[in-house]
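Summary of structural features
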Amino acid sequence: MARENIMAALDIGTTKVCCLIAEIQEDNTVEIIGFGESPSHGMKRGVVIDVERTVSSIKTAVEEAEMMSGTNIDAVYVGIAGSHIQSMNSHGVIAVKNNVVSDADKERVVDAARAVSIPADREVIHAIPQEYIVDHQDGIKEPNGMKATRLEVNVHIVSSAVSSAQNIVNCVQKSSLQVIDIVMEQIASAEAVLTEDEKELGVAIVDVGGGTTDIAVYHTGYIKHTSVITIGGFQFTSDLQHALRTSYNEADTIKKEYGCALFEMATENEFEVHTVGSGETKKANQKTLATVLEPRADELFSLIQNDLEQSDSDNCLTGGIVLTGGSILLEGIDKLAERVFSRPVRIGKPIGVTGLKDMVNSPKYSTAVGLLKYGLKSRKSGKTYNFTGRKSFDAVYSRFKEIWKDYF
Ligand SMILES: Nc1ncnc2c1ncn2[C@@H]1O[C@H](COP(=O)(O)OP(=O)(O)OP(=O)(O)O)[C@@H](O)[C@H]1O
Ligand SMILES: [Mg+2]
């Protein structure tokens, strides 16, 4: 297989690190040829808290994927998440040179939109054009070549704490890999699970992971809003741990095996729990779990609903809500979501890949698969990137910004 057709993604999550290796086929499909996963011990709510343990998890996942694919990788697309990420919409306007919109004009108008004041410890990581407005005509996706005197753009701007992004790049580099690009995790997940029709109609993707819940709203084909809520599967498990007075690991296993987010769906079938301290076992049933899990899931969805209302997104979600991420595997959670959101809800798994697709056929792998699909899109835009050595953090970022300028 030709090296230039190989692409790799690294999802450094709060509970697991997942590495995928893919071969890009001639018809531009992503064929997954390598899969590696290892428990993540050095991350909290999307942020690195222990470099050595994170590096060790990355190395294990990468080695596994390399072994399975029979190929070595040297560069990856990486996801970024966490409460340090903030987003806003901005507007830019310029006079068009020579009365015909060119790529240079597009770049200038996006630069004008991103010239918002950002504190020194924060960095703009995405400036994604939503729509261009050419001489007051709005809703234009590609203004290149149009006759005009005035060009405006609406841009979705995402910024991150410089140190948090730097720590992720650092961990990847310490694992002897280069970072091709850093991608906001819900944008990656959206690439994997949403259809173009949903993005056009208006849809919110909600990725409920282990440490955070990442939200992205699309409408008329472009990204309208992104946000992060610091509740995830960790809180579900931690609530159960306290209610059952057991270890975190046992609470997590019980949650996965018997957990239910809807009291009326839960059964009274009993199972055993080891209590901490005495080590004695006691009986519990699914209804006990639901009395703990339902209020927490209800709280999470209510926070999401508030976020959608505050960002003026709730009135443009004709396509409904798509839930993804490992915590969505909790029984009954989609039914509860439908009740809170009062709109259609579906569970989103990665689509549109071939090869080892059965191994990634779970909401847990949406971000990893999405990173590959994002990578393919950036390649198609003609902006392949060759690493000649270790890149500085600034170089990674300028490349990152460059791609997003004309991503849509
Ligand atoms: N069958 C299941 N039922 C309920 N919860 C589950 C199930 N399987 C996994 N989970 C939960 O999913 C969470 C992990 O999800 P995921 O793999 O998407 O997280 P992550 O990507 O590591 O974290 P993050 O994206 O927040 O950094 C864990 O809290 C785990 O307990
Ligand atoms: Mg995740």
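Predicted, not measured: the structure shown is a model, and the values here were computed from it. (Residues numbered from 1 in each chain as written. Chains lettered and ligands numbered in written order. Predicted model: local features only at pLDDT ≥ 70, side-chain atom pairs only at ≥ 80, totals over all residues. Heavy atoms only, no water.)

Let's shift gears to the pairing of strand β16 (residues 281-285). Strand direction decides the pairing type here: strand β15 (residues 270-274) and β16, joined by five bridges, are antiparallel. If you follow Glu270 over to β16, its bridge partner there is Asn285. Hairpin connection of β15 to β16: six residues between the antiparallel strands, including Gly277 at a positive phi of 80°. (Pairing = 2+ DSSP bridges. Helix = DSSP H or I, 4+ residues; strand = E, 2+ residues; numbered from the N terminus.)

Across the protein chain, the average pLDDT comes to 91, with 92% of residues at 70 or higher. Throughout residues 383-396 the model reports pLDDT below 50, and contacts reaching past four residues in sequence, or to other chains, amount to 28 contacts. (pLDDT = per-residue confidence, 0-100. Contact = heavy atoms within 4.5 Å.)

On to the packing of aromatic side chains. Tallied over the full model, the rule gives five aromatic pairs. Taking the centre distance of 4.1 Å and the plane angle of 0° together, the rings of Tyr258 and Phe271 count as stacked. Here Phe271 lies in strand β15 and Tyr258 lies in helix α7 (residues 248-258), a separation of 13 residues in the sequence. By relative accessible area, which is 31% here, Tyr258 ends up partly exposed. Cation over ring: Lys199 sits above Tyr218, and NZ or CZ is 5.1 Å from the ring centre. Of note, Lys287 hangs over the ring of Phe263, and the distance from its end group to the ring centre comes to 4.5 Å. (Phe/Tyr/Trp six-rings, centres within 6.5 Å; stacked < 30°, edge-to-face > 60°. Buried < 20%, exposed > 50% of the residue type's maximum accessible area, 1.4 Å probe, protein only. Lys NZ or Arg CZ within 6 Å of the ring centre and 35° of its normal.)

Here the focus is the environment of Tyr77. As for its position among the elements, Tyr77 is in strand β6 (residues 75-80). The exposure class assigned to Tyr77 is buried, which follows from its relative accessible area of 4%. Along the sequence, Tyr77 and Ile180 sit 103 residues apart, while their C-alpha atoms lie 5.3 Å from each other.

Counted by the stated rule, this structure contains 20 salt bridges. For Lys377, the salt bridge goes to Glu191, with nearest N and O atoms at 3.4 Å. With Lys377 in helix α10 (residues 366-380) and Glu191 in helix α4 (residues 185-193), this pair connects stretches of sequence that are 186 residues apart. Ionic pairing is found between Arg346 and Glu198, a salt bridge with its closest N-O pair at 2.8 Å. Residue Arg346 is located in strand β18 (residues 345-347), and its partner Glu198 is located in helix α5 (residues 196-201); the two are separated by 148 residues in the primary sequence. Taking relative accessible area as the criterion, Arg346 reaches 30% and is therefore assigned partly exposed. With a relative accessible area of 12%, Glu198 lands in the buried category. One continuous salt-bridge network, built from bridges that share partners, spans Glu191, Glu196, Lys199 and Lys377. (Salt bridge = Lys/Arg side-chain N within 4 Å of Asp/Glu carboxyl O.)

In spatial order, the strands read β7-β10-β8-β9; together these four strands make up an open sheet with antiparallel pairing. For this open sheet the edge positions go to β7 (86-95) and β9 (137-140), each flanked by a neighbour on one side alone. Ignoring strand direction, the axes of neighbouring strands in this sheet form an average angle of 35°. Direction of pairing for β7 relative to strand β10 (residues 150-161): antiparallel, over a ladder of 10 bridges. The residue bridging Gly92 from the neighbouring strand is Val153, located in β10. The strands touched by helix α3 (residues 162-174) within the sheet are β8 (122-134) and β10, with β10 carrying the most contacts at an inclination of about 70°. (Axes fitted to C-alpha atoms, helices over the stretch in contact; angles between N-to-C directions.)

Turning our eyes to something else, we now look at the domain arrangement of the protein chain. Partitioning the protein chain into domains gives domain 1 (3-83 + 162-193 + 350-405), domain 2 (86-160) and domain 3 (196-349). Opposite the 25 residues of domain 1 that make contact, domain 3 presents 26 residues. Across the domain 1 to domain 3 interface the summed buried area is about 1,800 Å²; carbon plus sulfur atoms make up 62%. One salt bridge in this structure joins Glu191 and Lys199, with 3.6 Å as the shortest N-O distance. The interface formed by domain 1 and domain 3 includes nine residue pairs in polar contact (both at pLDDT 80 or more). Examining the composition of the side of domain 1 that touches domain 3, we find that eight residues originate from one element, α4, more than from any other. Each residue belonging to the side of domain 1 that touches domain 3 can be placed in one class, and the counts come to nine nonpolar, 11 polar and five charged. (Domains from an automatic or database assignment. Buried area = accessible area lost by both parts, 1.4 Å probe. Polar contact = N/O pair within 3.5 Å; in protein donor to acceptor, adjacent residues only side chain to side chain. Nonpolar A, V, L, I, M, F, W, Y, C, P; charged D, E, K, R; others polar.)

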